[in-house]
Structure formats: C-alpha cells, structure tokens
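Chains, contacts and geometry: an overview
Chain by chain, the residues run as shown.
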Amino acid sequence: MTADGSCHTGGSPPGVVPGEWLSVSSPSRSRVILLAGPSGSGKSSLSARTGLPVLALDDFYKEGGDPTLPLLPGGDAADWDAPGSWHADAAVAAISELCERGSTDTPRYDIASSAVAGWNRLDLAGAPLFVAEGIFAAEIVERCRALGLLADAICLRGNPATTARRRFVRDLREGRKSVRFLIRRGWHLFRAERAIVARQVGFGCAPCDQRAALSRIAEAHPRMPLSVS
C-alpha cells in the first residue's frame, strides 16, 4: 500500500494478475473480480461505476431463523459481521454458474427483515468479466482461484471515520436495523476496520482506494471504458 492508499505494484496475490482471464485457453468462460472491503467502504457504488455485471454477495446472508447463525458476545443477537452468517457455498456455486453458463438465479435479501424476499435472474450478456462484491468476498478468494474462476481480488480501504459515516447514513436511510443496533455495530466496526482490512488482504485481496481499484479493473479489461477520476 502506498501512502495515498493506492495499491502496491506488487500487491497482487500469487496467481492473480489483472487481465489474467485474457490468457485462459477457454475464451467463452467468464471470470470474476471479487471486491471486498469493510461495510460502508463503497463497494456497491464502485461496482456500479465499472459498468460490468454485478453479483451482490450480501444477498447470500442466512435468514434470521437459521440455527447456525453466529451470535454476538452475550448471545442476545446474531453477529451479521461474522463469516458464519453467510452462505459461502451458495455464493461460490452462483459464481461458478455465471462463469460457466453466463447466467444464474440469485436471492434478493431484505436486510431489514433478515430474510430472502425473492429471486432475481442475473445474465452476463456475454461479458467476459463481472464483479462479485460484499463484505465476505475475501473469504472465497482461494476457492475461486482453485476453480480457475478468479480474474482479480480487491479490498477497498479508506479512512475508518469516513467509512463509518457513510455506513451509518446508508443503513439509517435504508432502515436496515434499529438505530440502537446501528450505533453499536458502527462503533464496533469503526474500531475493527484496520483488522478487517488486514484479514481480507491476508486472504489474497489487493488493498486499494477507489481510484486505484477502478484503474486495476480497467487493467483487467482494457476494452472497458472507465473514468478513474
């Protein structure tokens, strides 16, 4: 990581080089860019700016009544920031189907009710790359790499105070949880942000600010017109 938050030139995890999909022997097969980062780091807005198809990995959360949900200390509520609150196997299966077939059915998760509210059809329309973004994206980097599906893995990082403010405004606007819950969760995530980023980098994500992430994605797909300003 450089001083301004951009990527090191040697920041790519082993075997993951931007544009790697171009050298794969099966050109009809799409590849995924995994976009991780703390909650509120701007993953969804950056994904939209790329113009690529986007798979929202947060839609693979477990439902509120799932007995396997991890609990917060004290056992009074589910820990929605723990990887165990998420269906990693289902997310990898959806990514695999998108890469192999170009389309898949994905859940539409309602965070306010902690439940699946329906299903959507995601079609890549022939795109050779797509973005899969979510707070647990780093958890599946190695699995996607082993399956030959990975084009790149990025962790968005920034100023923890900015991230916390953006997260709280978004969650309040969308009515995701009670204000009391949002304040408690926000304080915890603010204090843990640097550790969260370090964990995701340890899983193989290149740490980048938003500008560097867009540049990296453009490098992976040179024909894609992107403004990185």
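This text gives an overview of the structure that appears in the document. (Residues numbered from 1 in each chain as written. Predicted model: local features only at pLDDT ≥ 70, side-chain atom pairs only at ≥ 80, totals over all residues. Heavy atoms only, no water.)

The next thing to look at is the sheet that holds strand β2 (residues 54–56). Judged by pairing direction, the sheet is parallel, and its five strands sit side by side in the order β2-β5-β1-β6-β7 without closing on themselves. Only two strands of the sheet have a single neighbouring strand rather than two, namely β2 and β7 (206–208). The sheet shows a mean angle of 25° between the axes of neighbouring strands, taken without regard to direction. Pairing geometry for β2 and strand β5 (residues 129–133), over three bridges, is parallel. Directly across from Leu55, in β5, lies its bridge partner Ala132. Packed onto the sheet, helix α1 (residues 43–50) meets β1 (31–36), β2, β5 and β6 (150–156) and runs at close to 170° relative to β5. Where helix α6 (residues 210–220) meets the sheet, its contacts fall on β1, β5, β6 and β7, and the angle it forms with β6 comes to roughly 175°. (Pairing = 2+ DSSP bridges. Helix = DSSP H or I, 4+ residues; strand = E, 2+ residues; numbered from the N terminus. Axes fitted to C-alpha atoms, helices over the stretch in contact; angles between N-to-C directions. Contact = heavy atoms within 4.5 Å.)

Examined against the element boundaries, Cys99 turns out to sit in helix α2 (residues 88–101). For Cys99, a relative accessible area of 1% corresponds to the buried category. C-alpha of Cys99 to C-alpha of Phe130: the two residues are 31 residues apart in sequence and 8.9 Å apart in space. If sequence neighbours within four positions are ignored, Cys99 has contacts with Arg29, Ser30, Arg31, Val32, Phe130 and Leu149. (Buried < 20%, exposed > 50% of the residue type's maximum accessible area, 1.4 Å probe, protein only.)

Here the structure, examined in full by the defined rule, presents one cavity of 30 Å³ or more. Taken together, 15 residues form the lining of the largest cavity, with Tyr61, Trp80, Ile111, Arg176 and Arg185 sitting closest to its centre. Sorting the residues of the lining of the largest cavity by element identifies α4 (160–174) and α5 (179–202) as the ones contributing at least two each. Here the lining of the largest cavity gets three residues from one element, more than from any other, and that element is α5. Its residues assigned to classes, the lining of the largest cavity comprises seven nonpolar, two polar and six charged. (1 Å grid on protein atoms, 1.4 Å probe; cavity = no way out; pocket = protein on both sides within 12 Å on 5 of 7 lines; lining within 4 Å. Points joined across faces, edges and corners; volume = space filled by probe spheres on them. Nonpolar A, V, L, I, M, F, W, Y, C, P; charged D, E, K, R; others polar.)

Taken together, the side chains of Phe168, Leu172, Val179 and Ile183 present a nonpolar region at the surface, about 330 Å² in accessible area. Mapped onto the elements, Phe168 comes out in helix α4. (Patch = residues over 30% accessible without salt bridge, like charges linked within 9 Å, V, L, I, M, F, W, Y side chains within 5 Å. Areas by Shrake-Rupley, 256 points an atom, 1.4 Å probe, with all protein chains shown as cover. Salt bridge = Lys/Arg side-chain N within 4 Å of Asp/Glu carboxyl O.)

This paragraph deals with the packing of aromatic side chains. Enumeration according to the criterion identifies four aromatic pairs in this entry. Geometrically, the ring pair formed by Tyr61 and Trp80 is edge-to-face, given 5.6 Å between the ring centres and 85° between the ring planes. You can see Tyr61 sitting in the loop between β2 and α2 and its partner Trp80 sitting in the loop between β2 and α2, a full 19 residues away along the chain. Each of the two residues, Tyr61 as well as Trp80, counts as buried. On the basis of an interplanar angle of 80° and a centroid distance of 5.9 Å, the ring pair of Tyr61 and Phe136 is categorised as edge-to-face. Note that Tyr61 is positioned in the loop between β2 and α2 and Phe136 in the loop between β5 and α3 (141–146), a separation of 75 residues in sequence. Exposure remark for Phe136: the relative accessible area of 3% places this residue in the buried category. (Phe/Tyr/Trp six-rings, centres within 6.5 Å; stacked < 30°, edge-to-face > 60°.)

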